[in-house]
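The primary structure of each chain is shown beneath.
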Amino acid sequence: MAERIGRVMAQVAMVMNLDKCIGCHTCSVTCKQAWTNRSGVEYVWFNNVETRPGQGYPRGYQDQERWKGGWRRTATGRLVPRAGGRLRKLATIFANPVMPAIQDYYEPWTYDYENLVAAPLGDDMPVAPPRSLISGEPMAITWSANWDDDLGGGEELGVHDPIVRRLGEQVRFSFEQAFMFYLPRICEHCLNPSCVASCPSGAMYKRAEDGIVLVDQDRCRGWRMCVTGCPYKKVYFNHKTGKAEKCTMCYPRVEVGLPTVCSETCVGRLRYLGVVLYDVDRVGAAAAVPDEHDLYPAQLDLLLDPADPEVAAAARRDGIPDRWIDAARRSPVYALAVQHRVALPLHPEFRTLPMVWYIPPLSPVVDTLTGTGHDGEDAGNLFGAIETLRIPVAYLAELFTAGDPAPVTAVLRRLAAMRAHMRRVNLGQERDPSIAAAVGMDGDTIEELYRLLAIAKYDDRYVIPTAYGVDDADRGAVEEVACSLDFEGGPGMGGMGGRPPFGEASGRPDPVGVETFHALRARQTSDVRARGGPRRTNLLNWDGNGRPDGLFPPRDGARDRREDA
Amino acid sequence: MSAPPPDLVDLLLWGVLPYVVLAVFVGGTVWRYRYDKFGWTTRSSQLYESRLLRVGSPLFHFGLLVVIAGHAMGLLVPKGWTEAAGVPDAAYHVVALVLGAVAGVCTLGGVALLVWRRRTTGPVFSATTRNDKLMYAVLVLAILAGLATTLVSAGADLAGRGGHDYRDTVSVWFRGVWVLDPRVDAMAAATLPFHVHALVGLALFALFPFTRLVHAFSAPVGYLFRPYVVYRTRDRLPTRATRPARRGWS
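Predicted, not measured: the structure shown is a model, and the values here were computed from it.

Our next topic: the overall build of chain A. A tally of regular secondary structure across chain A gives 25 helices and 15 strands. Counting all 565 residues of chain A, 53% fall into the buried class. With an accessible surface of roughly 25000 Å², chain A has 52% of that area assigned to carbon and sulfur atoms.

Two strands in a sheet stick together by hydrogen bonds in their backbones, pointing the same way (parallel) or opposite ways (antiparallel). Strand order in the open sheet formed by three strands is 9(A)-8(A)-1(B), with mixed pairing between adjacent strands. In this open sheet, the two strands that pair with only one neighbour each are strand 9 (213-215) of chain A together with strand 1 (231-232) of chain B.

What follows concerns the pairing of strand 8 (residues 204-207) of chain A. Neither face of strand 8 of chain A is left uncovered, since the one carrying Met204(A) and Lys206(A) and the one carrying Tyr205(A) and Arg207(A) both have all their residues buried. Where strand 8 of chain A meets strand 9 of chain A, three bridges bridge the pair, whose relative direction is antiparallel. Bridge assignment links Met204(A) to a residue of strand 9 of chain A, and that residue is Val215(A). Turn length for the strand 8 of chain A-strand 9 of chain A hairpin, with the two strands adjacent in sequence and antiparallel, is five residues, and the turn residue Gly211(A) shows positive phi of about 75°. With two bridges joining them, strand 8 of chain A and strand 1 of chain B adopt parallel strand pairing.

Residues and elements named next belong to chain A. Strand order in this open sheet of five strands is 13-12-1-15-14, and the pairing throughout is mixed. Edge positions in the sheet fall to strand 13 (303-304) and strand 14 (344-345), since each of these pairs with one other strand and no more. Two elements, strand 1 (residues 8-17) and strand 15 (residues 356-359), share four bridges in a ladder whose sense is parallel. Each bridged residue has a counterpart across the sheet, and for Val 15 the counterpart in strand 15 is Trp 357.

A few words on helix 9 (residues 192-207) of chain B. Under the 1.5 Å per step criterion, the end-to-end length of helix 9 of chain B is 23 Å for 16 residues, consistent within 8% with the ideal 22 Å. Three or more residues of helix 9 of chain B are buried, namely Phe194(B), His195(B), His197(B), Ala198(B), Val200(B), Gly201(B), Leu202(B), Leu204(B) and Leu207(B).

Residues and elements named next belong to chain A. If you walk through the whole model with that rule in mind, you get zero disulfides over all chains. Among the cysteines around Cys 195, which has no disulfide bond, Cys 230 carries the closest sulfur, lying 5.7 Å off. Take Cys 195: its relative accessible area is 7%, and that puts it in the buried class. By relative accessible area, which is 8% here, Cys 230 ends up buried.

Residue and element names in this part refer to chain A. Following the sequence through the fold, Asp 279 ends up in strand 12 (residues 271-279). For Asp 279, the side chain forms a polar contact with the main-chain nitrogen of Gly 6, separated by 3.0 Å. When near neighbours in sequence (up to four residues on either side) are disregarded, Asp 279 contacts Arg 4, Ile 5, Gly 6, Arg 7, Leu 302 and Leu 304.

Attention now moves to the interface of chain B and chain A. Many descriptions give the size of an interface as the accessible area lost when the pieces come together. Tallying the contact residues gives 39 residues for chain B and 64 residues for chain A. When chain B packs against chain A, the two sides together hide about 4700 Å² of surface, and 58% of this comes from carbon and sulfur. Taken together, the connections running from chain B to chain A amount to one salt bridge. Put simply, Arg232(B) and Asp216(A) hold a salt bridge, and the shortest N to O gap is 2.9 Å. In this assembly, chain B and chain A are joined by 26 residue pairs in polar contact (both at pLDDT 80 or more). Among the secondary structure elements, those contributing two or more residues to the side of chain B that touches chain A are helix 2 (51-76), helix 5 (122-126) and strand 1 of chain B. The dominant element in the side of chain B that touches chain A, judged by the number of residues it contributes, is helix 2 of chain B, at seven residues.

All names here are of chain A. Counting residues in each nonpolar core, the largest one holds 160 residues, and the members touching the most others are Tyr 43, Met 204, Leu 277, Leu 336, Trp 357 and Phe 400. Counting residues per element, this core draws most heavily on helix 20 (residues 405-426), at nine residues. Those residues within four positions of Trp 357 in sequence are excluded, and the remaining contacts are Met 14, Val 15, Met 16, Tyr 296, Gln 299, Leu 300, Leu 303, Val 333, Ala 337, Ala 343, Leu 344 and Pro 345.

This brings us to the side chain of Asp148(A). Residues and elements named next belong to chain A. Among the secondary structure elements, Asp 148 is positioned in the loop between strand 6 (130-132) and helix 6 (154-157). Despite its burial, Asp 148 remains without a salt bridge, the nearest opposite charge being carried by Arg 52 at 7.3 Å. A distance of 2.9 Å separates a polar side-chain atom of Asp 148 from the backbone nitrogen of Gln 55. Apart from residues lying up to four places away in sequence, Asp 148 is in contact with Thr 51, Gly 54, Gln 55, Gly 56, Trp 143 and Leu 157.

Another aspect to go through is the pattern of salt bridges. In this structure the tally under the stated criterion is 30 salt bridges over all chains. Put simply, Glu49(B) and Arg117(B) hold a salt bridge, and the shortest N to O gap is 2.6 Å. Of the two residues, Glu49(B) is situated in the loop between helix 1 (6-35) and helix 2 and Arg117(B) in helix 4 (residues 89-120); the sequence distance between them amounts to 68 residues. Here the salt bridges do not stand alone but share partners, grouping Glu50(A), Arg52(A), Asp161(A) and Arg185(A) into one network.

With that settled, consider a nonpolar patch on the surface. Residues and elements named next belong to chain B. Taken together, the side chains of Leu 8, Leu 11, Leu 12, Val 16, Val 20, Val 24, Trp 31, Tyr 35 and Phe 210 define a hydrophobic patch exposed on the protein surface, amounting to about 810 Å² of accessible area. Tracing the backbone shows Val 24 in helix 1. Here Val 24 falls in the partly exposed class, since its relative accessible area comes to 31%.

It is worth spelling out the packing of helix 2 of chain B against helix 7 (residues 170-178) of chain B at this point. Residues and elements named next belong to chain B. Axis separation between helix 2 and helix 7 bottoms out at 8 Å; the angle between their running directions is 90°. The angle between helix 2 and helix 7 places the two elements in the roughly perpendicular class. Here Gly 74, Leu 75 and Leu 76 of helix 2 lie close against helix 7, whose contacting residues are Val 170, Ser 171, Phe 174 and Arg 175. Looking at the contact of helix 2 with helix 7 residue by residue, the class counts come to four nonpolar, two polar and one charged.

Our next topic: unusual backbone geometry. Residues and elements named next belong to chain A. Along the chain, Arg 52 connects to Pro 53 via a cis peptide bond; the corresponding omega equals -5°. Along the chain, Pro 53 falls in the loop between strand 2 (48-52) and helix 2 (64-67). The amide bond that connects Tyr 57 to the next residue, Pro 58, takes the cis arrangement and shows omega of -5°. Secondary-structure assignment places Pro 58 in the loop between strand 2 and helix 2. Even without glycine at this site, His 25 takes up a positive phi of about 65°.

Looking now at the packing of aromatic side chains. Residue and element names in this part refer to chain B. Under the definition given, this model contains 27 aromatic pairs over all chains. Judged by centre distance (5.5 Å) and plane angle (85°), the ring pair of Phe 25 and Phe 205 falls under edge-to-face. Here Phe 25, found in helix 1, pairs with Phe 205, found in helix 9; they are 180 residues apart in sequence, far enough to count as distant. Of the residues examined, Phe 25 reaches a relative accessible area of 18% and is grouped as buried. Here Phe 205 falls in the partly exposed class, since its relative accessible area comes to 41%.

Moving on to the confidence of the model for chain A. A low pLDDT means the predicted coordinates there should not be read in detail. Residue and element names in this part refer to chain A. Across chain A, the average pLDDT comes to 86, with 83% of residues at or above 70. For chain A, per-element mean pLDDT is lowest for helix 25 (residues 556-564), which scores 48, and highest for strand 15, which scores 98. Across residues 471-508, confidence stays below pLDDT 50; counting only partners more than four residues off in sequence or on other chains, it has 52 contacts. Low pLDDT, under 50, characterises residues 558-565; the predicted model gives this stretch seven contacts beyond four residues in sequence or across chains.

How each quantity is defined
Residues numbered from 1 in each chain as written. Chains lettered and ligands numbered in written order. Predicted model: local features only at pLDDT ≥ 70, side-chain atom pairs only at ≥ 80, totals over all residues. Heavy atoms only, no water. Helix = DSSP H or I, 4+ residues; strand = E, 2+ residues; numbered from the N terminus. Buried < 20%, exposed > 50% of the residue type's maximum accessible area, 1.4 Å probe, protein only. Areas by Shrake-Rupley, 256 points an atom, 1.4 Å probe, with all protein chains shown as cover. Pairing = 2+ DSSP bridges. Expected span 1.5 Å × (residues − 1). Disulfide = S-S within 2.5 Å. Polar contact = N/O pair within 3.5 Å; in protein donor to acceptor, adjacent residues only side chain to side chain. Contact = heavy atoms within 4.5 Å. Buried area = accessible area lost by both parts, 1.4 Å probe. Salt bridge = Lys/Arg side-chain N within 4 Å of Asp/Glu carboxyl O. Core = buried A, V, L, I, M, F, W, Y, C linked by side-chain atoms within 4.5 Å. Lys, Arg positive; Asp, Glu negative; His and termini not counted. Patch = residues over 30% accessible without salt bridge, like charges linked within 9 Å, V, L, I, M, F, W, Y side chains within 5 Å. Axes fitted to C-alpha atoms, helices over the stretch in contact; angles between N-to-C directions. Parallel < 35°, antiparallel > 145°, perpendicular 65-115°, else oblique. Nonpolar A, V, L, I, M, F, W, Y, C, P; charged D, E, K, R; others polar. Phe/Tyr/Trp six-rings, centres within 6.5 Å; stacked < 30°, edge-to-face > 60°. pLDDT = per-residue confidence, 0-100.

Right, here's the structure in full:
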C-alpha cells in the first residue's frame, strides 16, 4: 500500500498552549535581542504577543479584504495568491499596491539621552525626548507593537479588531463583560506558504528537510511582494538593507537540537516543538477544499501517523533519517494536534496550512464561571458554560477554525473534562469515567494529556532531532570536534597543563548556541589553527579562582612561548 | 600647442570611449554580482512613503520600458529594412516622435515626482546616499538630453528642414560598435543634442553596475515559469571530509 502515501516530508512544528500565556513578552524580547536588534529592523518583531480581542501587529493584519494576504480559491478550484497571480504581480512590481506602511506597524523611536546631561541649567528636571528612528526627527509616541496590550483602550481600540467587526455588536469591552487572552505569534512556517508563492525572485523557500521557511538574503531583490503575500504579516522589509526578513524558527539552534529562543525562554513553558510528517503531494488539494470549515480537517488529514509502519517505510523511501521518524513518533505536536485533538491552526481560512498550532484558552469560560460564584472545575458546569458562552467560543472559532464553533467547543470540552477529572484525582476522590467518556476519551488518555500539558519536562516539550546526523544523546551539546590529544593535561592542550579546575574556562566546553554557532563553525572548518587571541571573559561567571584565558591581555612574550611549546 | 585635430576627439569619443564603457559595464556587473549579492536590491523606500511612489514609480518605469523599446527600434533596425517593409520615412518619424515624446514625458514626469518625493519626504531623503544622488543627476540629464533630441528633430521636421536623420548617423555608429567597426564619421556627423545624449548615456552605463540600477538585471521573468512554492534542501556545509583540498601550487 506504499503507493497510497505520496512524497513524505518532515516539518518542525510548534504548539502553544494559550491557557498558560501570561503575556509577559519574554519570548518577544529574547527573540528581538537574538534576531532583530539591528538598524533597519527596529520595528520588526519576529515574535510578538498580542491581546485578543485587539488589533494585533501590524494593526488589523487579519483583515484580508484590505491586506490581500494568503490564497484565494478561484471558481475553478485553483488557488492563486489573493493579491494576484504571476502576471498581476509583475504588472504591479514597480509599486506594491497593498504594502503596509511603517505607521501600520509603528514608528520606532529612541530617546535623546544626551539632553539629560547637556540640558542647560533650569528649574525642571531634564528629560530624554523621543526621536524617530526612521526620520531622526522629534516625534510624539502614539502607537507601538503592543499599544492595546491588556485591552488598553478597549472601548475605542478594540472595535477595530477585524474579528470583533465580523462578529458585530456581540463583543463587549466593558469591565464586567470583557474577556481576553494572549496570542503569541511567530511565522507559521506554512505547508502552503503564500509568501514563498509571492516572491518574484524565488528567494524565499521552504526547506525540504525541516519545513522551515527562509529568505535567501543573497537572492532577495526587495520586490516586497512577500510582505503582502503573508496573511499573518510575518515577513518584514528591512529598510536599511532593502531585503525581506522573517522568523527563521531559530534554525541554527534547531539544527543542533536546541529549541527556538522563544520556546527556550518561555516563562509559562507553553511552547512545544516537534516533528510532524506530512504528504506533500496532497498539500495543494488540502489547501483548496471548497468549504473553509473543511480546511482544519483537511490539514489534520495531511499529517501522517509516524507509528504506522507504512508511513515509516515511505518516509525512509523519501530520505528521511530514522532518527527523524523516531522523533516524529515522540512528537508532542503530533500528540496534541492529532491524537488528543486539542491544538488548532491559526486562521486556516487563509489556506496556507499553518504549522504553529494553538490550544485555545479555557480561561475565559472558567473565569466567567468562578466570577459568578459557580464551581469552575465541575465538569457539568464547564460543559454547560461552554455551550452558553457563545461569544468567546465564536471569537475563538474565528481565530482557529474559520468560524466553525464545533471543533473549538470540542477542544474546550476536552480541556474542561481534563480539569474536572484531575480535580478528582488530586482530591483523592474516585475517578469518574463518565467525565472522560463525555468527550470521547478515557481516563488514561486524559491523564496522558494532563501530563503533556501540565508537567512535561524540557525533553518532553522539545523533541528536536538534529540535522547533522549526530546521535540523539548529543542533543543540545554538539561539541567542537577536538584533537584526540586534547584530554585533561594532554599534549593537545597547548602545554598549558590542562584546563584550570575552576573559573569560566573550567568544566566541559560550552554547548553550541546561537551566540557561538557561527564562530564555532568557522573554527571547525578552518584550515589554520585558531590563534589564542584575546578572548572575552564574563566576570559574572568567574568564581575568583584560577585565571581564565582572556582575563588579562596576553603578554607578548607569553604568547611566543606558548607557540614554541 | 595646437588643439588636437577634431577627428582625434571624435575617435576618442566615438571609437574608444564606447569600448571603455562596455568594459566597465560588463566587468563592473560581474564584479558586483560576485562580491555584492547582498547589496543587489531595489532598496525600496515604499515602507516610508507609498502615496507618491504609487504614481511616480509606475509612470517612470513603464515610460522607461517604452523608451528602451523605442531605442531598440531606432538603433537596431536599419533604415533600409523599414523602407523595404514599405513604411514611409515620414510616417516612421511621426510615430517615433509622438511615441518617443509621450514616453519621454512620462519618464521625465515620473522621475521628477520620484526625485521630489525623495527630497521632501524626510525618511526617504535620509536614506538617500551620495551614490544615489549622482545616479539621479546623470539619469535625469540623460532623459532631458534624450527628450531634447526628440524635440529638436521634431522641430526641424515641422519646419521643413529635416536634414539630419539619426538613423543615418547615430544608428549606423551604434550598430558598428557591436561588430567592432565603430563608424566614427557617421556619429561625428550627428548634431549636438545627439552627441550630448550619447555621452550622458555612456556615463549612465558606466555608473550602472555601481548603483542601485543593477536591480534592472533582476527583472523576475522566471517567476512566470516556476511553481508557486519553492522547496530547497539545506546547503551542505563544507566539512573537513568533503571540502576539496586547495594547495598553494595547484
